[in-house]
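# Residue-level structural notes
Listed below are the residues making up each chain.
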Amino acid sequence: MTAPRWIAEPLLRVDRLTMRFGGLVAVNDVSFAVGRGDVTALIGPNGAGKTTLFNCLTGFYKPTVGRIAFSRMGLQDDSRIEALTASARRYSRDGGQDLFLLERMPDYEIAKRAKVARTFQNIRLFAGMSALENLIVAQHVALAPASGYGLFGLLGLPIYRRAEQAAVEKAERWLERIGLRDRANDPAGALPYGDQRRLEIARAMCAEPCLLCLDEPAAGLNGHESAELARLLREIRDLDGVSILLIEHDMSVVMAISDHIVVLDYGQKIADGSPAQVREDPAVIAAYLGVEEAEADAIESILGLEEQK
């Protein structure tokens, strides 16, 4: 039997991550992996520690304890990870293959060097800018050196004009993919909520990430919009080859697109596996229904009878 990708081809590995705020333990000794080319969902009841864990992965928090190893080509050499851990370095390059310890890196470096992009629970578009401009701004890492950090742009040199045209063309391609080509010049803040959600994902993709982290992308969407979101995320995984890690409460989206699900409750991991395995896990049923785990088998049986009727 072939091992799942999060075991055989991990892109990201979280080892014994703990995050404390004074006496509050928000994330407690959590370990899991994200497979290369997988959609991994991080789920759990409100207050389970999901967003705190995301903030540790993307550099907004420095975890109290733990390691977050990441490599765009996959984590295959444990000895190399251990050697980097024993050093004072944040990342290393061996034969062109980068290895990063994200817990040692600030957020901007994780985005720029490691190519990890992120969206937030609350939409953070530039509301007064057009949809097109939002996607061009997302490409500043490539545009800044091509502009000579402003000088070449002021002089109108060809090197900057070519980079600017490439950025516009990429932005237009993404607007086409999310169905907003006709609204390219409309202010982002004037777009319907569902369109803003997709635009925010397109903006993250304009940075050409290897790992895309999405914090509740389906929040506030209706059924049709959630289905469109699921289609877009499957396309990003299958056509763009981008691995996805998402926090999500909409189980219809989670079950439709996830290859792998990790479940948190009160800051601890209580389940880790395929959607089918997680759906049938008594601890997950207990956490979501607010009962003791001992009662979960009976509830699972009842739910099974309900589904057969």
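Use the structure listed above.
Just so it is clear, the structure is predicted and the values come from calculations on it, not from any experiment.

### Here we look at the sheet that holds strand β4 (residues 65–70)
Pairing within the open sheet is antiparallel, and its 5 strands lie in the order β2-β1-β4-β6-β5. One side of each edge strand has no neighbouring strand; the edge strands of this open sheet are β2 (24–35) and β5 (91–94). Between one strand axis and the next, the sheet turns through 15 degrees on average, direction left out of account. Sheet topology places strand β1 (residues 10–21) next to β2; 8 bridges connect them, and they run antiparallel. Along β2, the bridge assignment pairs Leu-12 with Val-34. Across the sheet, helix α2 (residues 50–57) lies against β1, β2 and β4, angled at about 115 degrees from β1, the strand it touches most. Where helix α3 (residues 78–86) meets the sheet, its contacts fall on β1, β4, β5 and β6 (97–101), and the angle it forms with β6 comes to roughly 50 degrees.

### Description of the packing of aromatic side chains
Each pair of aromatic rings is reported with the distance of its centres and the angle of its planes. This model, assessed by the stated rule, comprises 4 aromatic pairs. Ring centres of Phe-60 and Phe-120 lie 5.5 Å apart, and the angle between their planes is 85 degrees; this geometry places the pair in the edge-to-face category. Taken as a pair, Phe-60 in the loop between α2 and β4 and Phe-120 in the loop between β7 (116–118) and α5 (131–137) lie far apart in primary sequence, 60 residues in all. Relative accessible area serves as the criterion here: at 16%, Phe-120 is assigned to the buried category. With a centroid separation of 6.3 Å and an interplanar angle of 35 degrees, the aromatic rings of Phe-70 and Phe-100 are classed as tilted. Placement of the pair is Phe-70 in strand β4 and Phe-100 in strand β6, with a sequence separation of 30 residues. With respect to class, Phe-70 is no different from Phe-100; both count as buried. Pairwise contacts between aromatic rings join Phe-70, Tyr-91 and Phe-100 into one cluster. Here the basic side chain of Arg-124 rests over the ring of Phe-120, its NZ or CZ set 3.8 Å away from the ring centre.

### Topic: unusual backbone geometry
Excluding glycine, residues mostly have negative phi values, and the peptide bonds linking residues are mostly trans. Positive phi, normally seen in glycine, also occurs at Asp-29, with a value near 55 degrees. Inspection of the secondary structure puts Asp-29 in strand β2. Looking at Asp-29, the relative accessible area reads 35%, which means it is partly exposed. Look at Lys-115: it is not a glycine, yet its phi comes out positive at around 65 degrees. Mapping Lys-115 onto the fold places it in the loop between α4 (107–112) and β7.

### Observations concerning the side chain of Asn-134
Looking at the element boundaries, Asn-134 is found in helix α5. With near-sequence residues (within four places) excluded, Asn-134 lies in contact with Leu-125, Phe-126, Met-129, Ala-188 and Arg-203.

### Quick notes on the sheet that holds strand β10 (residues 260–265)
Here we have 6 strands laid out as an open sheet, ordered β7-β8-β9-β3-β10-β11, and mixed in their pairing. With one partner strand each, in any of the chains shown, β7 and β11 (268–273) form the two edges of the open sheet. For this sheet, the mean angle separating the axes of adjacent strands, direction not counted, is 15 degrees. In this sheet, β11 lies alongside β10 in antiparallel orientation, the contact comprising 5 bridges. Following the sheet pairing, Val-262 is matched in β11 by Asp-272.

### Re the pairing of β4
One ladder, built from 5 bridges, connects β1 with β4; its direction is antiparallel. Pairing of Leu-12 across the sheet is with Phe-70, part of β4. Bridge count for β4 against β6 is 2 bridges, and the pairing is antiparallel. When the sheet's bridge partners are listed, Phe-70 is paired in β6 with Phe-100.

### Remarks on the environment of Phe-100
Accessibility expressed as a relative area gives 2% for Phe-100, which makes it buried. Sequence spacing of Phe-100 and Ala-69 is 31 residues, and the spatial spacing of their C-alpha atoms is 5.8 Å. If sequence neighbours within four positions are ignored, Phe-100 has contacts with Ile-68, Ala-69, Phe-70, Arg-72, Arg-90, Tyr-91, Met-105, Arg-113 and Ala-114.

Definitions and limits used
Residues numbered from 1 in each chain as written. Predicted model: local features only at pLDDT ≥ 70, side-chain atom pairs only at ≥ 80, totals over all residues. Heavy atoms only, no water. Pairing = 2+ DSSP bridges. Helix = DSSP H or I, 4+ residues; strand = E, 2+ residues; numbered from the N terminus. Axes fitted to C-alpha atoms, helices over the stretch in contact; angles between N-to-C directions. Contact = heavy atoms within 4.5 Å. Phe/Tyr/Trp six-rings, centres within 6.5 Å; stacked < 30°, edge-to-face > 60°. Buried < 20%, exposed > 50% of the residue type's maximum accessible area, 1.4 Å probe, protein only. Lys NZ or Arg CZ within 6 Å of the ring centre and 35° of its normal.

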